[in-house]
Amino acid sequence: LRQQEGVLLAQLNQAHEELTKERREYVSSVSERKSLLDTLIAEIEKKRDQPVVEFLMSSSPCFPLSCEAAKAPVPEPVSLELQRTVKNLSEMSQLVVGAVAKFKGKAKKRRAMPCSVAMKVTLDPETASPHLVISKDRKTLRMGDREQKLLDSPKRFTGSPSILGSQG
């Protein structure tokens, strides 16, 4: 699940980066056009204050060319492939989050369950899985929240939360 979650998060991050890049480019384009429109508005306001006769006889028509340059682009629609990818990643991410939450719930229940057989044992820290936390007196253990960094030992269990112990 963690590996699948990592892959999905990487894909989600890639899609997010692509969308962010496209958004930045669009915002930049709109900002440039806004600047052009601001310039046009300033020119129009100057001309508005002129007497009507001067305005109509003006030899520099500022509107046609400037207005064409300032037209706002119609945003390109998001491709169907990208929409599907984002939707699939979102659905898969929700499934993974649900599965992880369910797994964590089961793990908490297991930690809370008392052992049915009580025995006096001494636990061997050299064999303890990195997922287990051993008490200082080496008599009890619990499941840790995350994997601990322990010294390498050829005796250590690494695949499952396991430990060796001896009576007494």
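Residues numbered from 1 in each chain as written. Predicted model: local features only at pLDDT ≥ 70, side-chain atom pairs only at ≥ 80, totals over all residues. Heavy atoms only, no water.

(A) How the structure looks around the environment of Glu5. With respect to the element layout, Glu5 can be found in helix H1 (residues 2-48). Sequence separation of Glu5 and Val97 is 92 residues, and the distance between their C-alpha atoms is 8.2 Å. (Helix = DSSP H or I, 4+ residues; strand = E, 2+ residues; numbered from the N terminus.)

(B) The environment of Gln83, seen in detail. Considering the arrangement of structural elements, one finds Gln83 in helix H4 (residues 80-112). By relative accessible area, Gln83 is classed as partly exposed at 42%. It is 9.9 Å that separates the C-alpha atoms of Gln83 and Ala15, two residues lying 68 residues apart in sequence. (Buried < 20%, exposed > 50% of the residue type's maximum accessible area, 1.4 Å probe, protein only.)

(C) Expanded view of the side chain of Ser29. Turning to its location among the elements, Ser29 is positioned in helix H1. Taking the relative accessible area as the measure of exposure, Ser29 reaches 19% and is therefore buried. Separated by 2.7 Å, the side chains of Ser29 and Arg33 make a polar contact. (Polar contact = N/O pair within 3.5 Å; in protein donor to acceptor, adjacent residues only side chain to side chain.)

(D) The arrangement of H1 in detail. Between its first and last C-alpha, H1 extends 66 Å over 47 residues, near the 69 Å set by a 1.5 Å rise per residue. Those residues of H1 lying buried are Leu8, Ala15, Ser29, Leu40 and Lys47. (Expected span 1.5 Å × (residues − 1).)

(E) Inspection of the confidence of the model for the protein at higher detail. Across the protein, pLDDT averages 77, with 80% of residues at or above 70. Mean pLDDT values over the elements of the protein span from 52, in helix H3 (residues 63-70), up to 87, in strand E1 (residues 121-123). (pLDDT = per-residue confidence, 0-100.)

(F) Quick peek at the environment of Leu8. Tracing the backbone through its elements, the reader meets Leu8 in helix H1. Note on Leu8: relative accessible area 6%, which makes it buried.

(G) Broad picture of the pattern of salt bridges. Summed over all chains, the structure comprises two salt bridges. In this structure, Lys34 and Asp38 form a salt bridge, with 3.0 Å as the shortest nitrogen-oxygen distance. Taken together, the positions of Lys34 and Asp38, both in helix H1 and four residues apart, correspond to about one turn of that helix. The partly exposed category is assigned to Asp38, whose relative accessible area is 38%. With a shortest N-O distance of 3.6 Å, Lys155 and Glu126 are connected by a salt bridge. Of this pair, Lys155 sits in the loop between strand E3 (141-143) and strand E4 (165-167) while Glu126 sits in the loop between E1 and strand E2 (132-134), and the two are 29 residues apart along the sequence. (Salt bridge = Lys/Arg side-chain N within 4 Å of Asp/Glu carboxyl O.)

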